[in-house]
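Residue-level structural notes
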Amino acid sequence: MSDESAADDQDAQRLAGDVAIVTGASSGIGEATAEALADAGASVALAARRADELEALADRIESAGGDALVVPTDVTDEDDIDSLVDATTDEYGRIDILVNNAGVMLLEPLERADRSNLRQMVEVNLLGLMNLTHAVLPVMQEQESGHIVNVSSVAGRRASADSSGYNATKFGVNAFTEAVRQEVTTQGIRTTVIEPGAVDTELATHVPDEQVLERFAEMDLPMLHPDDIARGIVYATSQPARVDVNELLIRPTGQDI
């Protein structure tokens, strides 16, 4: 075997034996992350509301030699969250990686904002993430190991007009992740917050305000691919146990905000 082939084989197995949950796995960053974790050898529980997309993703993963479990999940439903954790531990016996990726981006000026949109962002982006972390944590504590990956945003670092609700949820994700890190780092559990800049996903299609959408179109921002973020997540989760990559801010080259 050539050195290059050996390196490729080692790279493909760096998460062998690990079990991961990925929320928002039906598209975008979640979909790419699930495939990347499976390619690295992990068994992946796929969680999202759209069961058909999850089944198609599971078929692709399994066709490539990976292992996937489909668990349709609404992260705003606490019963769904508990069922996701139970289904994963029943199937695999453990949870090594949790990727809290599910999110919505309902940008609009506060004066025109629909309160239901504000509520949905809090429930999906922040409360769902907090509740699922709460549900998974006892499993990781019993194992004395685990890795919690929370997908935030550059909007969790820098506030901007028309993004007040979204900013609030992503700043909350950053604060929550750091507080949890301080609580569990001595228990062998690692945490990583991922802060993507502009990524080419369906997230922007959620924006309800036509004026905000028009401004997005005029900005012509450079875009990352979901795979770019997925590689960062695999990098963080495949480090030796002594290494905790606490934060990854990933912007496309050329994005100056």
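Residues numbered from 1 in each chain as written. Predicted model: local features only at pLDDT ≥ 70, side-chain atom pairs only at ≥ 80, totals over all residues. Heavy atoms only, no water.

A few points about the side chain of Thr192
With respect to the helices and strands, Thr192 occurs in strand E6 (residues 189-196). Here Thr192 falls in the buried class, since its relative accessible area comes to 0%. A distance of 2.7 Å separates the side chain of Thr192 from the side chain of His147, its partner in a polar contact. Residues contacting Thr192, with those up to four places away along its chain left out, are His147, Ile148, Val149, Asn150, Thr177, Ala236, Asp244, Val245, Asn246 and Glu247. (Helix = DSSP H or I, 4+ residues; strand = E, 2+ residues; numbered from the N terminus. Buried < 20%, exposed > 50% of the residue type's maximum accessible area, 1.4 Å probe, protein only. Polar contact = N/O pair within 3.5 Å; in protein donor to acceptor, adjacent residues only side chain to side chain. Contact = heavy atoms within 4.5 Å.)

Concerning empty space enclosed by the protein
On inspection of all chains with the given rule, the structure shows two cavities of 30 Å³ or more. Here the largest cavity is characterised by a volume of approximately 60 Å³. Taken together, Thr23, Val75, Asn100, Asn101, Ala102, Val124, Asn125, Gly128, Leu129 and Val151 form the lining of the largest cavity. Examining the composition of the lining of the largest cavity, we find that four residues originate from one element, helix H5 (residues 115-143), more than from any other. For the lining of the largest cavity, the per-class residue count stands at five nonpolar, five polar and no charged. Taken as a whole, the second largest cavity encloses approximately 50 Å³ of empty space. Lining the second largest cavity we find Leu106, Leu107, Glu108, Leu110, Ala113, Leu118, Met121, Asp162, Ser163, Ser164, Gly165 and Tyr166. Here the residues of the lining of the second largest cavity sort into seven nonpolar, three polar and two charged. (1 Å grid on protein atoms, 1.4 Å probe; cavity = no way out; pocket = protein on both sides within 12 Å on 5 of 7 lines; lining within 4 Å. Points joined across faces, edges and corners; volume = space filled by probe spheres on them. Nonpolar A, V, L, I, M, F, W, Y, C, P; charged D, E, K, R; others polar.)

Remarks on the pattern of salt bridges
The full count for this structure, using the stated rule, is 10 salt bridges. Here the salt bridges share partners, and the residues they tie into one network are Glu31, Glu35 and Arg60. (Salt bridge = Lys/Arg side-chain N within 4 Å of Asp/Glu carboxyl O.)

Points about unusual backbone geometry
In this model, Glu144 sits at a positive phi of 60°, which is unusual for a non-glycine residue. With respect to the element layout, Glu144 can be found in the loop between H5 and strand E5 (146-151). Overall, Glu144 belongs to the exposed group, its relative accessible area being 60%. Even without being glycine, Asp162 reaches a positive phi, approximately 75°. Among the structural elements, Asp162 can be located in the loop between E5 and helix H6 (164-184).

Focus on the nonpolar core
Ranked by internal contacts, the top residues of the largest apolar core, which has 35 residues, are Leu37, Leu46, Val99 and Ile229. Of all the secondary structure elements, the ones that give two or more residues to this core are strand E1 (19-23), helix H2 (28-39), strand E2 (43-48), helix H3 (51-63), strand E4 (97-100), E5, helix H8 (226-237) and strand E7 (247-250). No other element matches the six residues that H2 contributes to this core. (Core = buried A, V, L, I, M, F, W, Y, C linked by side-chain atoms within 4.5 Å.)

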